[in-house]
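Reading the structure
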There are 2 protein chains.
Amino acid sequence: MKIKAIHELSVPLEGALSNSVVSFAGHDVSLVAVVTDVVKNGKPLVGYGFNSIGRFAQGGILRERVLPRILSSDPDALRGDEGFDCEAVYRIAVRNEKPGGHGDRASAVGAVELAFWDLNAKLADEPAYATIARHFGREPTRRIPVYAAGGYYYAQDGLERLQGELRAYVDSGFDAFKIKIGGASLDDDRKRIDAAIAICGGGSRLAVDANGRFDFDTALTYAKAIEPLGLRWYEEIGDPLDFALNKRMTDVYSGAIATGENLFSSQDVMNLLNFGGMRPGRDIFQMDAGLCYGLTEFGRIIDMMEKAGFDRGFAYPHGGHLINLHIVSGMNLGGCEAYPSVFQPFGGYSPECRVRDGFIVPPDLPGFGLEAKPELKPFLDQISG
Amino acid sequence: MKIKAIHELSVPLEGALSNSVVSFAGHDVSLVAVVTDVVKNGKPLVGYGFNSIGRFAQGGILRERVLPRILSSDPDALRGDEGFDCEAVYRIAVRNEKPGGHGDRASAVGAVELAFWDLNAKLADEPAYATIARHFGREPTRRIPVYAAGGYYYAQDGLERLQGELRAYVDSGFDAFKIKIGGASLDDDRKRIDAAIAICGGGSRLAVDANGRFDFDTALTYAKAIEPLGLRWYEEIGDPLDFALNKRMTDVYSGAIATGENLFSSQDVMNLLNFGGMRPGRDIFQMDAGLCYGLTEFGRIIDMMEKAGFDRGFAYPHGGHLINLHIVSGMNLGGCEAYPSVFQPFGGYSPECRVRDGFIVPPDLPGFGLEAKPELKPFLDQISG
């Protein structure tokens, strides 16, 4: 069992939406195909992975550093009890990388490492959640709580547009929601929040996301304004690495605080646990395997959270897509984000994944089942040669 | 005054040496040339910059994200009182980048932003240290303390090789030195340290560098072994982001501790200041502008250090090369690293920069004076078209 080739492609994200900090108009994602010499159903077995949304494709780092290391490694070093040894893939992918500086390279490695999980699941002819659950010694979660993450800022925007968007989510079966804040004045954001709550059916069903924009004073002003609403959570309040600010907010805001999607290594998460004031049983962790070197490092992160006294049910990974749906199932995490109508071709799930009463059942196709997502299929075909 | 083109080239580092964590055999650095429509001495004015050593070239991020943003920006937005507005260059270079994740992209931006400082100095017909000093409202330091950073691990190694290397540094005018530790057993490292001290003329002239390798127990064992030697400093003891470990070490080790070369943003440095236990008047900061988005962000970092009660004389940037020599002079930092015989074509200084009694005087050529470094000149010519 050998790797014949690894292909990568930078795939642009569709749409021209913004949060309070960035526009996604020029964003892209790295799609990776690991082609093996194994033949299944008359075709070479191919594993697919991608990094997650929001931190750009990583073609340069993949081509120049990560893929040459994997392709030049001893094939035996990559083999393991489960097919491929994903921890070895991680180790080889970061060889000769200095410690610290967990940014773009964490995405590059994540895209490749996840493709090997897809391969292992396909070798075992099972959905990836089953492979992941077995690897981590768990029983997969069958029904995954999902929430609709939307409410971005658009060039043509308004409360009616926002309410229409949320109403569509309600109609398609969601019962939990998230919208962006911080891209307008507090007054205007407060109107957005009120308009959203009117559709969502209560503050406890609505989370708000500042995307790391606020300084402490702004964060506090917003906190005081929203605290009476009993929101689901208050997300990425300040700079994601400003653990002191996070701690101060946990001291003064009684509702749940969510963060972690822009922490890309176990060491960064350890700092959040050590210094960020996160409160067990209340606050939410949102680290995303595709952005933090893949599932090997992500497994270490969840382990670290638990050792620090946090329940894995409070982990809601950033990134609403099929790969994270399998990870949430296989690792029994709290739930999954969904981008029902944005960030194509990666965002959202395959057509058979219907939301019912706020839950989705992951597909039973082999691997992550990316092939069953029509928006993604043409790109998979393009890089499978 | 407009930018006509920006070229970038990944230049391999010469040599096959290792520290305790990585081999530099496959390492490279991004060299950048910003070509303007200004004609000086009959030739188009070109600014050169590079990121620093150790974190790889960033051709992908430069070509795909950073350079298109700068090249598509309004030329007026890049102009400033000093020629080009380097802060605007930084701001445009990171547009639509999410917060956090300060890794590879910080190097990509650093290489470009520094090239604009080279341009500004050449526009003013002065060495870069003069431009930098004026920008930050300071008087440049004329004689820069430098230390010889060597003592790497080689495939063919031994105490005699190490002593020969250090003796050559002494003979060429150095009076302060650094060697690697952590790549051998404590016993063997202790022999290396003793052998080095015998040449250096005392422990206070010798620093040791673990390159982030140690866990707390190992770090403590080494600390106890070296504490009586009164070494110059004990560098990058544990993971560069493990602020809790750094704090514990500052609690138990009485000598100076040095760290920061693998922190690439003001927010990461703020965490070191908040949580790392660094002791004013004793411990050493080693952040490197080329790895942390360039001199705009580096200026913020030095400012932040001072506000936290640390003297800028305790900043010794990582990266022994001409760009950092000018930065240390223009910002009155403590001193500069030198790699007298390694990391060509970037390491070390130009031939007229002679070490005398442990000091170097930066060259008075316009800009960083990279053109006067013979090892680098062919690469500059290659990308100036």
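Residues numbered from 1 in each chain as written. Chains lettered and ligands numbered in written order. Predicted model: local features only at pLDDT ≥ 70, side-chain atom pairs only at ≥ 80, totals over all residues.

1. Overview of the overall build of chain A
For chain A, the count of helices and strands is 13 helices and 13 strands. For 385 residues, the compact-globule formula gives about 21 Å, and the C-alpha radius of gyration of chain A, at 20 Å, lands near that figure. Looking at chain A as a whole, 57% of its 385 residues are labelled buried. Within chain A, residue pairs in contact and separated by at least 24 positions form 72% of the contacts whose partners lie at least 6 positions apart. (Helix = DSSP H or I, 4+ residues; strand = E, 2+ residues; numbered from the N terminus. Rg over C-alpha atoms; globule rule 2.2 N^0.38 Å. Buried ≥ 20, exposed ≤ 12 C-beta atoms within 10 Å, placed from the backbone. Contact = placed C-beta atoms within 7 Å.)

2. So, the nonpolar core
Ranked by size, the top nonpolar core spans 126 residues in total, and within it A:Val32, A:Val112, A:Ala115 and A:Phe177 carry the most contacts. A:Phe177 has contacts with A:Tyr147, A:Ala148, A:Leu166, A:Tyr169, A:Ala196, A:Cys200, A:Arg205 and A:Leu206, leaving out every residue within four places of it along the chain. Residues B:Ala33, B:Val109, B:Leu245 and B:Ile302 belong to the second largest nonpolar core, which totals 125 residues. (Core = buried A, V, L, I, M, F, W, Y, C linked by C-beta atoms within 7 Å.)

3. Looking at unusual backbone geometry
Residue and element names in this part refer to chain A. At the junction of Gln344 and Pro345, the peptide bond is cis and its omega measures out at 5° in the coordinates. On the secondary structure map, Pro345 appears in the loop between strand E12 (336-338) and strand E13 (359-360). Residue Glu236 is not a glycine yet carries a positive backbone phi of 40°. Examined against the element boundaries, Glu236 turns out to sit in the loop between strand E9 (234-235) and helix H9 (243-252).

4. So, helix H8 (residues 216-226) of chain B
Residue and element names in this part refer to chain B. Residues of H8 that are buried: Ala219, Tyr222 and Ile226. Down the axis, H8 shows its buried residues gathered within 65° of arc, on one side only. Exposed and facing more than 90 degrees away from the buried side of H8 are Asp217, Thr221 and Lys224. Considering only its buried residues, H8 is in contact with helix H7 (186-200), strand E8 (206-209), strand E9 (234-235) and helix H9 (243-252). (Arc of directions from axis to C-beta.)

5. Side note on the interface of chain A and chain B
With 37 residues of chain A at the contact, the number on the chain B side is 37 residues. Broken down by secondary-structure element, the contributors of at least two residues to the side of chain A that touches chain B are helix H1 (59-71), helix H4 (104-123), H9 and helix H10 (266-275) of chain A. Of the residues assigned to the side of chain A that touches chain B, the class counts are 12 nonpolar, 15 polar and 10 charged. (Nonpolar A, V, L, I, M, F, W, Y, C, P; charged D, E, K, R; others polar.)

6. Structural notes on the sheet that holds strand E2 (residues 28-40) of chain A
Residue and element names in this part refer to chain A. Pairing is antiparallel in the open sheet, where 3 strands are placed in the order E1-E2-E3. For this open sheet the edge positions go to strand E1 (3-12) and strand E3 (43-50), each flanked by a neighbour on one side alone. Pairs of neighbouring strands in the sheet enclose a mean axial angle of 25°, with direction left out of account. Where E1 meets E2, 9 bridges bridge the pair, whose relative direction is antiparallel. Residue pairing for E2: Ile3 is matched across the bridge by Thr36. (Pairing = 2+ DSSP bridges. Axes fitted to C-alpha atoms, helices over the stretch in contact; angles between N-to-C directions.)

7. What to know about the pairing of strand E3 (residues 43-50) of chain B
All names here are of chain B. With respect to burial, E3 is a largely interior element, 6 of its 8 residues being buried. In this structure, strand E2 (residues 28-40) lies alongside E3, joined through 7 bridges in antiparallel fashion. The residue of E3 that forms the bridge with Val35 is Val46. In this structure, the hairpin formed by E2 and E3 is closed by a connection of 2 residues, where Asn41 is found at a positive phi of approximately 50°.

8. Observations regarding the relation of the copies chain A and chain B
Copy one and copy two of the chain differ by a rotation about a common axis and a shift along it. With an RMSD of 0.0 Å, chain A superimposes on chain B once it is rotated by 180° and translated 0.0 Å along the axis. Read as a symmetry element, the transformation amounts to a two-fold axis. Of the residues that chain A buries at the interface, 100% are likewise interface residues in chain B, meaning the two copies contact each other through the same surface. (Least-squares fit on C-alpha atoms with pLDDT ≥ 70 in both.)

9. Re H9(B)
Along H9(B), the residues classified as buried are B:Phe243, B:Leu245, B:Asn246 and B:Met249. Taken around the axis of H9(B), the buried residues stretch over an arc of 155°, which confines them to a single face. For H9(B), exposure combined with an orientation more than 90 degrees from the buried face picks out B:Asp251 and B:Val252. Of the surrounding secondary structure, the elements contacted by the buried residues of H9(B) are H10 of chain A together with H8, strand E10 (257-259) and helix H10 (266-275) of chain B.

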